[in-house]
Amino acid sequence: MMLRLRIRDSAKDQPMDDSRQDMPPASQRDGRTARVTAEEALALHAEGRPGKLEIRLTKPLVTARDLSLAYSPGVAEPCLHIARDPATAYDYTSKGNFVAVISNGTAVLGLGNLGALASKPVMEGKVALFKRFADVDGIDICIDTEDVDEFVNCVRLLGPSFGGINLEDIKAPECFVIESRLREAMDIPIFHDDQHGTAIVAAAGLINACYLTGRELATTRLVINGAGAAAIACAELVKAMGMRPENVILCDTKGVVYRGRKEGMNQWKSAHAVETKARSLAQALEGADVFFGLSVKGALTQDMVRAMAPRPIIFAMANPDPEITPEEARAAREDAIIATGRSDYPNQVNNVLGFPFIFRGALDVRARTINDAMKIAAAEALAMLAREEVPEEVARSGAGQRLVFGPDYIIPNAFDPRLISRVPPAVAKAAMDSGVARRPLPDLAAYARSLAGRLDPAANALQAIHAAVRANPRRVVFAEGEEEKVIRAAVSFAHAGYGTPILVGREERIHATVAALGIVLPPQVEVINARLSEKTRTYAEWLYAKRQRDGFLFRDCQRLVNQDRNVFAACMVAHGDADALVTGETRSTSVALENVRMALDPERGKVLFGLTMLVARRSGTVLVADTAIHERPDAETLAKIARGAAAAARRLGLEPRVAFLSFSTFGDPKGVIPGSVRDAVKLLDTHGADFEYDGEMAADVALDPKLRAALYPFCRLTGPANVLVMPGLHAAHILTKAVPHLTSATTIGPVLMGLEKPAQIVPMQLGVNQLLDMACLAAYQSLPRAERG
């Protein structure tokens, strides 16, 4: 599965009428909504192995014996056991952690009926989100039929392969019929996320909004605009939670759904028709406490908001543009609590807060279904989590908002690492209490602890880094501004809202490349020709003053500033004309670093080193240092590298466990290099450290706690090492350059640590997305410490 995942905004509605607002493709959205271009999205899906998914083996299949055990003849044994007792399929196959994401493509995002095949990118993305957020495996299935009977039979007959079914992008009213019939016919969870995912997250926000405004759910008056799948599901769920049916008014394009109405009605709308004199949305909202919008941009006016009850609750969930913007709503009523489906506003109603964790809990108790009790438990768990103090790594992802429970924070952040240990246990308990769990969990507290270890916290921290930069945009200079990949990365940097990218190069060359690529430079992209810049003389004089005793004449410094873009870019950063720089596309790391070091020195008291992140599917993130600077570091340098790497690990959400690596383990065999490593450990012992560390040790000892416990029970590490301090640059390069080719791990870096001003040097031939990531990391390093956490 790919490392980079983009989460689509939530709260889409499946219409039964023309109330649906279509969501345009990226190329047609406004600047505030779109963070990617059509070209970027297509490039990501096409690069490398096309798509977003692949299947990986969980058992070794290397020898003939392995094959005999996994396949014929050994595979016959689990087959026979399953034939005698179907429940053992959960023990011998992947069924218990396997979800099918199924669509016929009749309502793809907001794009309408694109057909089964065109829905596949969305279904792959949904599978990716299941894995990314809850470690649930899945597969996308696109069924090429609009016939309800054919669709139901197809899913029903495929059912034995899966532990659950997530229905997606199926138009209403067929989606209601399909889900209902499949729930009756199958004994595994069936969940149409477009209905229930939105309803659960919205219900969580409603619980907290009512709490803040002193309302009781039973007496709260709710108006829902939109009568599609998500709207109907919202109405059903809030009633199941205790809201009185007469207090819930549904509206569609024909007005209020009232008893006796004939036009545009069907059985699902009729079930929510009420006795009322109101006939329009405006009339329904007079004195109403809550507005749920699952309809179209502009459906809610400021006059309607003014007519609502004191401290109104407004969930404008239409995408990409809400029924009313938070700015417009607050201009009409300062006391309003507002949520949208947008990630650039507070209180995002995002389905990813629901479906991965709901299925996690349902699968782990082998639930027969997902019932109302489980949905309500999920909503309540989300609501309670928002009331807790927000962890530091989550607070950094608040897009400029202070994440403290209150009107602007009633729904948890989607990247809160606590979600997996809070929502699934609540769902599992509700399944057990309601009698639909086939495997009750004896210890829910132990279950919650086990869930916390299933995901890599560094992935959330990396997202927090991107969010922190987006909330505090920076000026980043792209030194090799004439290169095609660099231009693309700069454009992506601007589109992502990270700040102002500065391309260093000749204007005519850059604009010619842009024209050849068929793209448009966003207005915030700046182009600077070093030779023609008005700052060139200032930079040259400053550089000469800095380097005149290092053998450089003034004309040497003038030539470097004029002709070497890395030197010019570094001077920009040194003078505060840019916050950070990124380079490396056309020069090796050592050459580029030499250029940058002409103007930028290590931070006082710190050691300059390179940090590489190895992100593996099962073992999580491991940091390796030093991977860029010191060929044979002495003991003092190794100790400083360990301190710097441990601090970086904490910023990534990891509790550092530092292993000093060598070919020797605790003195066997002996050698010169292990001696310096042991001395580094002694230095930390002498001066103290606030993290776990030990060494010297071989890599397998560092990463395998069982091996350590058997052979070296005195080792101080309490778990697998997640920071590996290398004995020299040769070993570091061998490890970090071989691992991506020999395993499924992804490398990020080396990231330069310890410079006085931020600069990052990307490895040559890196892709556009990786170049963008490094630019974002450089920008993050330039943030004030208070903004970095």
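The structure we're discussing is the one just above.
Residues numbered from 1 in each chain as written. Predicted model: local features only at pLDDT ≥ 70, side-chain atom pairs only at ≥ 80, totals over all residues. Heavy atoms only, no water.

(A) Quick peek at the overall build of the chain. Counting its secondary structure elements, the chain contains 32 helices and 21 strands. For 789 residues, the compact-globule estimate of 2.2 N^0.38 gives 28 Å, and the chain sits close to it at 29 Å. Taken along its principal axes, the extent of the C-alpha atoms in the chain is 95 × 70 × 50 Å. Buried positions account for 55% of the 789 residues belonging to the chain. (Helix = DSSP H or I, 4+ residues; strand = E, 2+ residues; numbered from the N terminus. Rg over C-alpha atoms; globule rule 2.2 N^0.38 Å. Buried < 20%, exposed > 50% of the residue type's maximum accessible area, 1.4 Å probe, protein only.)

(B) Expanded view of the pattern of salt bridges. For the coordinates displayed, the defined rule picks out 47 salt bridges. Between Arg49 and Glu54 there is a salt bridge, and its shortest N-O distance comes to 2.5 Å. Of the charged contacts in the structure, one is a salt bridge between Glu636 and Lys640, with a shortest N-O distance of 3.8 Å. Residue Glu636 and its partner Lys640 are both found in helix 26 (residues 635–651); the two are separated by four residues, about one turn of the helix. Owing to a relative accessible area of 47%, Glu636 belongs among the partly exposed residues under this scheme. When its relative accessible area of 36% is taken as the criterion, Lys640 is described as partly exposed. (Salt bridge = Lys/Arg side-chain N within 4 Å of Asp/Glu carboxyl O.)

(C) Seen up close, the side chain of Glu124. On the secondary structure map, Glu124 appears in helix 5 (residues 120–134). By relative accessible area, Glu124 is classed as buried at 12%. Only 3.0 Å separates the side chain of Glu124 from the backbone nitrogen of Lys52, close enough to count as a polar contact. Among residues more than four places away in sequence, those in contact with Glu124 are Gly51, Lys52, Leu53 and Asp140. (Polar contact = N/O pair within 3.5 Å; in protein donor to acceptor, adjacent residues only side chain to side chain. Contact = heavy atoms within 4.5 Å.)

(D) Highlighting the nonpolar core. Within the largest apolar cluster, 110 residues are counted, with the highest numbers of intra-cluster contacts made by Ile102, Ile165, Leu167, Leu206, Ile224, Phe292 and Met374. Here this core gets 10 residues from one element, more than from any other, and that element is helix 8 (residues 193–213). With residues near it in sequence (within four places) discarded, Ile102 still touches Ile141, Ile143, Phe151, Val155, Ile165, Asn166, Leu167, Glu168 and Ile170. One finds Val491, Val607, Phe609 and Cys776 within the second-largest nonpolar core, a separate group that totals 67 residues. (Core = buried A, V, L, I, M, F, W, Y, C linked by side-chain atoms within 4.5 Å.)

(E) Layout of the sheet that holds strand 12 (residues 499–504). Taken in spatial order, the five strands line up as 13-12-11-14-21 in an open sheet, and their pairing is parallel. The sheet is open, and its two edges are formed by strand 13 (526–528) and strand 21 (759–761), each paired on a single side. Neighbour-to-neighbour, the strand axes of the sheet open up by a mean angle of 20 degrees, direction not taken into account. Sheet analysis places strand 12 next to strand 13, joined by three bridges and oriented parallel. Across the sheet, residue Val504 finds its bridge partner in strand 13, namely Ile528. Here helix 20 (residues 484–495) sits on the sheet and contacts strand 11 (474–478) and strand 12; the angle it forms with strand 12, its principal contact strand, is near 160 degrees. Contacts between helix 25 (residues 589–597) and the sheet are confined to strand 14 (580–583) and strand 21, with strand 21 contributing the most and set at about 160 degrees to the helix. (Pairing = 2+ DSSP bridges. Axes fitted to C-alpha atoms, helices over the stretch in contact; angles between N-to-C directions.)

(F) Focus on the sheet that holds strand 4 (residues 190–192). Taken in spatial order, the four strands line up as 2-1-3-4 in an open sheet, and their pairing is parallel. Edge strands, defined here as strands with exactly one partner in the open sheet, are strand 2 (137–142) and strand 4. If you compare each strand with its neighbour and ignore which way they point, the axes differ by 20 degrees on average. Bridging between strand 1 (residues 98–103) and strand 3 (residues 164–167) involves four bridges; their strand directions are parallel. Each residue of the ladder has a partner; that of Val101, found in strand 3, is Asn166.

(G) Main features of unusual backbone geometry. Ala172 connects to Pro173 through a cis peptide bond whose omega is 5 degrees. Residue Asp626 follows Ala625 across a cis peptide bond; omega there is -10 degrees. Relative to the helices and strands, Asp626 resides in the loop between strand 16 (620–625) and helix 26. The residue Asp135 is not glycine, and still its phi comes out positive at about 55 degrees. Within the secondary structure, Asp135 is located in the loop between helix 5 and strand 2. Residue Arg311 is not a glycine yet carries a positive backbone phi of 50 degrees. Looking at the element boundaries, Arg311 is found in the loop between helix 12 (302–306) and strand 9 (313–316). The exposure class of Arg311 is partly exposed, given its relative accessible area of 34%.

(H) Structural view of the pairing of strand 20 (residues 746–753). Across the eight residues that make up strand 20, a large majority, six, are buried. Bridge count between strand 15 (residues 609–616) and strand 20: six bridges; the pairing is antiparallel. Looking at the pairing, Gly610 lines up with Leu752 of strand 20.

(I) Spatial organisation of the pairing of strand 1. Here strand 1 lies mainly inside the structure; six of its six residues are buried. Here strand 1 shows no split at all, with Phe98, Ala100 and Ile102 on one side and Val99, Val101 and Ser103 on the other all buried. Across six bridges, strand 1 lies against strand 2 in parallel orientation. Its bridge partner lying in strand 2, Val101 is registered against Asp140. Considered for its hand, the β-α-β crossover made up of strand 1, helix 5 and strand 2 is right-handed. (Right-handed = clockwise from strand over helix to strand, strands pointing away.)

(J) Inspection of helix 26 at higher detail. Taking 1.5 Å per residue as the helical rise, helix 26 with its 17 residues ought to reach 24 Å, and the 25 Å between its terminal C-alpha atoms agrees with that figure. Those residues of helix 26 lying buried are Ala635, Thr637, Leu638, Ala639, Ile641, Ala642, Ala645, Ala646, Ala648 and Ala649. Contact partners of the buried residues in helix 26: strand 15, strand 16, strand 17 (657–661), helix 27 (672–687), strand 19 (723–725) and strand 20. Note on helix 26: the residue one or two positions beyond its end, Gly653, has a positive phi of about 85 degrees. (Expected span 1.5 Å × (residues − 1).)

(K) Region of interest: the packing of aromatic side chains. Under the defined criterion, the tally for this structure stands at 16 aromatic pairs. Both rings, one in Phe292 and one in Phe315, keep their centres 5.2 Å apart while their planes meet at 10 degrees; by these two values the pair is stacked. On the criterion of sequence distance, the pair formed by Phe292 in strand 8 (residues 290–293) and Phe315 in strand 9 is long-range, its members being 23 residues apart. Both rings, one in Phe478 and one in Phe493, keep their centres 5.9 Å apart while their planes meet at 75 degrees; by these two values the pair is edge-to-face. Taken together, the residues Phe478 in strand 11 and Phe493 in helix 20 connect sequence positions 15 residues apart. One exposure class covers both Phe478 and Phe493, and it is buried. (Phe/Tyr/Trp six-rings, centres within 6.5 Å; stacked < 30°, edge-to-face > 60°.)

(L) Highlighting the packing of helix 17 (residues 419–433) against helix 18 (residues 444–452). The interhelical angle for the contact between helix 17 and helix 18, taken along N-to-C directions, is 145 degrees, at an axis separation of 8 Å. Crossing handedness for the pair helix 17 and helix 18: right-handed. The residues of helix 18 that touch helix 17, namely those facing Ile420, Ser421, Pro424, Pro425, Ala428, Lys429 and Met432, are Leu444, Tyr447, Ala448, Leu451 and Ala452. Of the residues contributing to the contact of helix 17 with helix 18, the split by class is 10 nonpolar, one polar and one charged. (Left-handed = near helix turned anticlockwise from the far one by under 90°. Nonpolar A, V, L, I, M, F, W, Y, C, P; charged D, E, K, R; others polar.)

Take it as geometry only, folks, not as evidence of what the structure does.
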